[in-house]
Amino acid sequence: MRADPRALRAPLIRWYRKHRRDLPWRRTTDPYAIWVSEAMLQQTTVAAVIPYWTRFLARFPNVAALAAATEEEVLALWTGLGYYSRARSLREGAIEVLKRYRGLVPADREALLALPGVGPYTAGAIASVAFGRPEPVVDGNVKRVFSRLFAMRGTGASHERKHWRIARALVEGPSPGDLNQSLMELGATVCTPRSPSCPRCPVAKACRARELGRQESFPPASIRKPVQDVRVAVAWIVRSGRILLERRHPESPLRGTWDLPATLVRNKDAGQALSHALRSRERLEASPGAPIATVRHTILATRLTIEIIPMRLKGLTPRTASLRWIEPGEIERIATSAATTKAVQAASSRSSSGSRGRVKRYDFPSIKGTAPKAQSSPAQ
Ligand code: SF4
């Protein structure tokens with residue numbers, strides 16, 4: 001390591017104040033608003049988050065409002081952002097903050113870390129940006145900047161600790177929030193994974209990777225988990241133009257809150273696998289038709305091949321809160337997985353009668369007494 005991290009502080013902060021993007025959560029020091037932005041930004045781009053953050057803050061302007069909301073209300077505002085566990089944790093965190101801190105987000109890193117869904121990165125971001133505490137942050141952008149500045153090789157826990165040591169050394173001093181944000185901003189806008197814009201970099205003179213002319217060799221390519229191919233069957237059950245969804249189930253390979261009933265298919269017929277899953281999970285008797293479409297979807301290192309199977313219900317739909325009927329157009333307004341959204345679009349277009357948004361009934365007989373209610377709701 002060549003450059004003294006502390007010598008980088010002043011140019012980084014100067015650069016950040018001049019060149020930072022004008023993002024809505026940067027116009028506030030409200031720790032709750034910053035917490036929401038950090039939760040949303042995990043695994044999601046800034047451009048995608050802006051409208052969600054704005055809507056969320058308008059509906060839940062403070063901890064008390066979020067703590068008073070139902071999980072369903074919170075997830076509805078999160079629909080489309082995915083990774084719904086972040087939304088659940090945020091709400092649980094708000095309940096905890098209301099209970100333990102009278103609705104005031106704590107400034108202390110340890111107290112922040114004790115909140116649901118708050119890890120070292122989020123705790124550091126809230127503590128430094130909202131409260132001006134010298135707490136470090138390390139995320140993917142920051143790691144890339146450090147790897148290049150100091151020509152760092154290696155992976156694993158000891159390497160991770162090295163990043164945090166550098167971040168801690170750097171953050172000590174005035175304006176820790178701006179310092180942390182300068183590193184994240186540099187990684188996001190200048191020191192990008194490919195073709196970093198070194199002439200625009202405020203710390204280019206201190207950069208070892210640049211000196212070596214090997215910026216893109218750092219960080220070393222991570223040892224990626226091999227992609228796993230997984231076969232999934234989803235049930236396409238339609239009555240009176242409505243589609244049956246199932247509340248997220250531990251066995252479901254999809255990652256939404258409400259999804260088409262789904263199951264993994266291992267060495268057996270997809271339709272039979274679905275029939276078995278529906279019977280054991282929901283006490284639904286249904287017989288499968290021929291697959292109507294296949295969609296592909298990747299979740300992290302898992303590549304799903306999803307077969308959409310029309311199913312004919314054989315009896316009454318059981319009264320259960322884990323099933324609900326929806327109109328096809330509703331899929332965009334409820335908390336569901338991207339995989340289910342794709343599957344519904346594919347199946348709807350295959351089975352469309354030609355009128356917009358309607359799903360054609362299959363040739364399955366309608367069963368008396370099982371028609372869904374006029375509004376989407378848990379199945380009756
Ligand atoms: Fe990244 Fe280039 Fe700056 Fe080095 S000089 S930190 S590679 S942008």
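Our subject is the structure that appears above.
Summarised in this report is the structure supplied together with it. Quick caveat, the model's predicted, so the values are computed rather than measured. (Residues numbered from 1 in each chain as written. Predicted model: local features only at pLDDT ≥ 70, side-chain atom pairs only at ≥ 80, totals over all residues. Heavy atoms only, no water.)

### As for the pattern of salt bridges
As a reminder, the rule being used: The rule for a salt bridge is simple: a side-chain nitrogen of Lys or Arg has to be within 4 Å of a carboxyl oxygen of Asp or Glu. Exposed residues in this analysis have more than 50% of their type's maximum accessible area, buried residues have under 20%, and partly exposed residues fall in between, with area computed by a 1.4 Å probe over protein chains only.
Overall, the coordinates contain 19 salt bridges when judged by the stated rule. A salt bridge links glutamate 110 to arginine 109, with the shortest nitrogen-to-oxygen separation between them at 3.6 Å. A relative accessible area of 52% means that glutamate 110 is categorised as exposed. For arginine 109, a relative accessible area of 16% corresponds to the buried category.

### A few points about helix 6 (residues 85-101)
Threshold: Numbering of helices and strands runs from the N terminus, with a helix taken as a DSSP run of H or I at least four residues long and a strand as a DSSP run of E at least two residues long. Expected span, for any helix, means 1.5 Å times one less than how many residues it has. Pairs of residues are marked as contacts when any of their non-hydrogen atoms sit within 4.5 Å.
Its 17 residues place the ends of helix 6 23 Å apart at the C-alpha level, agreeing with the 24 Å of an ideal helix rising 1.5 Å per residue. Those residues of helix 6 not exposed but buried are Arg86, Ala87, Arg88, Ser89, Leu90, Arg91, Gly93, Ala94, Glu96 and Val97. On its buried face, helix 6 sits against helix 2 (31-41), helix 3 (46-59), helix 4 (63-68) and helix 5 (71-78). At the C-terminal side of helix 6, arginine 102 shows a positive phi close to 55°.

### Here we look at unusual backbone geometry
The peptide bond linking phenylalanine 218 to proline 219 adopts the cis configuration, its omega dihedral lying at -10°. Along the chain, the position of proline 219 falls in the loop between helix 12 (208-212) and strand 1 (228-236). Despite not being glycine, glutamine 43 shows a phi value in the positive range, around 65°. For glutamine 43, the location among the structural elements is in the loop between helix 2 and helix 3. In this structure glutamine 43 comes out as exposed when scored by relative accessible area, which is 58%. Of note in the backbone geometry, arginine 283 takes a positive phi value of approximately 60° without being a glycine.

### Quick word on the site of the ligand
As a reminder, the rule being used: One heavy atom suffices: a residue is near a molecule or strand as soon as one of its heavy atoms comes within 4 Å of it. Space inside and on the surface of the protein is sampled on a 1 Å grid over the protein atoms alone, with a cavity defined as a set of points where a 1.4 Å probe fits but cannot get out and a pocket as an open set with protein on both sides within 12 Å along at least 5 of 7 lines; lining residues have an atom within 4 Å of a point. Being in a pocket or cavity means that more than half of the molecule's atoms lie within 2 Å of its grid points. For this scheme, ten residues count as nonpolar: Ala, Val, Leu, Ile, Met, Phe, Trp, Tyr, Cys and Pro. Four count as charged, namely Asp, Glu, Lys and Arg, and the remainder, Gly too, count as polar.
Near the ligand the following residues occur: Arg148, Val190, Cys191, Cys198, Cys201, Ala204, Cys207, Arg210 and Gln215. Cavity membership is defined here by more than half of the atoms lying within 2 Å of grid points; on that basis the ligand lies in the largest cavity. Tallied by class, residues from the shell around the ligand come to six nonpolar, one polar and two charged.

### Some details on the layout of surface pockets
Where empty space is left in the structure can be found by rolling a water-sized probe over the atoms. Applied cut-off: Grid points are joined across faces, edges and corners, and a volume is the space filled by probe spheres set on the points.
The space that makes up the largest pocket amounts to roughly 710 Å³. Around the largest pocket, the lining is made up of 25 residues, and of these Gly140, Lys143, Pro219, Pro220 and Ser222 lie nearest the centre. Here the lining of the largest pocket takes five residues from helix 9 (residues 140-149), the largest share from any one element. Taken together, the residues that form the lining of the largest pocket break down as nine nonpolar, eight polar and eight charged. The volume enclosed by the second largest pocket comes to roughly 440 Å³. Forming the walls of the second largest pocket are 20 residues, and the residues nearest its centre are Leu41, Val46, Tyr121, Asn141 and Met184. Going through the elements one at a time, helix 2, helix 8 (120-131) and helix 11 (176-189) are the ones with two or more residues in the lining of the second largest pocket. A per-class count over the lining of the second largest pocket returns nine nonpolar, six polar and five charged.

### Focus: the environment of aspartate 139
Formally: Between N or O atoms, a polar contact is any pair within 3.5 Å; within protein, one atom must be a potential hydrogen donor and the other a potential acceptor, and residues adjacent in sequence are included only when both atoms are from side chains.
Within the element layout of this structure, aspartate 139 appears in the loop between helix 8 and helix 9. A C-alpha to C-alpha distance of 7.7 Å links aspartate 139 and methionine 184, two positions 45 residues apart in sequence. With sequence-adjacent residues up to four places away left out, aspartate 139 is seen in contact with Tyr121 and Met184. Here asparagine 141 takes part through its backbone nitrogen, which lies 3.1 Å from a polar atom of the side chain of aspartate 139. A distance of 2.9 Å separates a polar atom in the side chain of aspartate 139 from the backbone nitrogen of valine 142.

### Remarks on the packing of aromatic side chains
Where we set the bar: Here the aromatic set is Phe, Tyr and Trp, taking the six-membered ring for Trp, and pairing holds for ring centres within 6.5 Å; pairs whose planes are under 30 degrees apart are stacked, those over 60 apart are edge-to-face, and all others are tilted.
By the definition in use, this model includes four aromatic pairs. Seen from their ring centres, phenylalanine 56 and phenylalanine 60 are 5.1 Å apart, and the 65° between their planes marks the pair as edge-to-face. The pair phenylalanine 56 / phenylalanine 60 is uniform in exposure class, with both members buried. Summarising the aromatic geometry, the rings of phenylalanine 56 and tryptophan 78 are spaced 5.9 Å apart at their centres and angled 80° between planes, so their arrangement reads as edge-to-face. Residue phenylalanine 56 is found in helix 3, and its partner tryptophan 78 is found in helix 5; the two are separated by 22 residues along the sequence.

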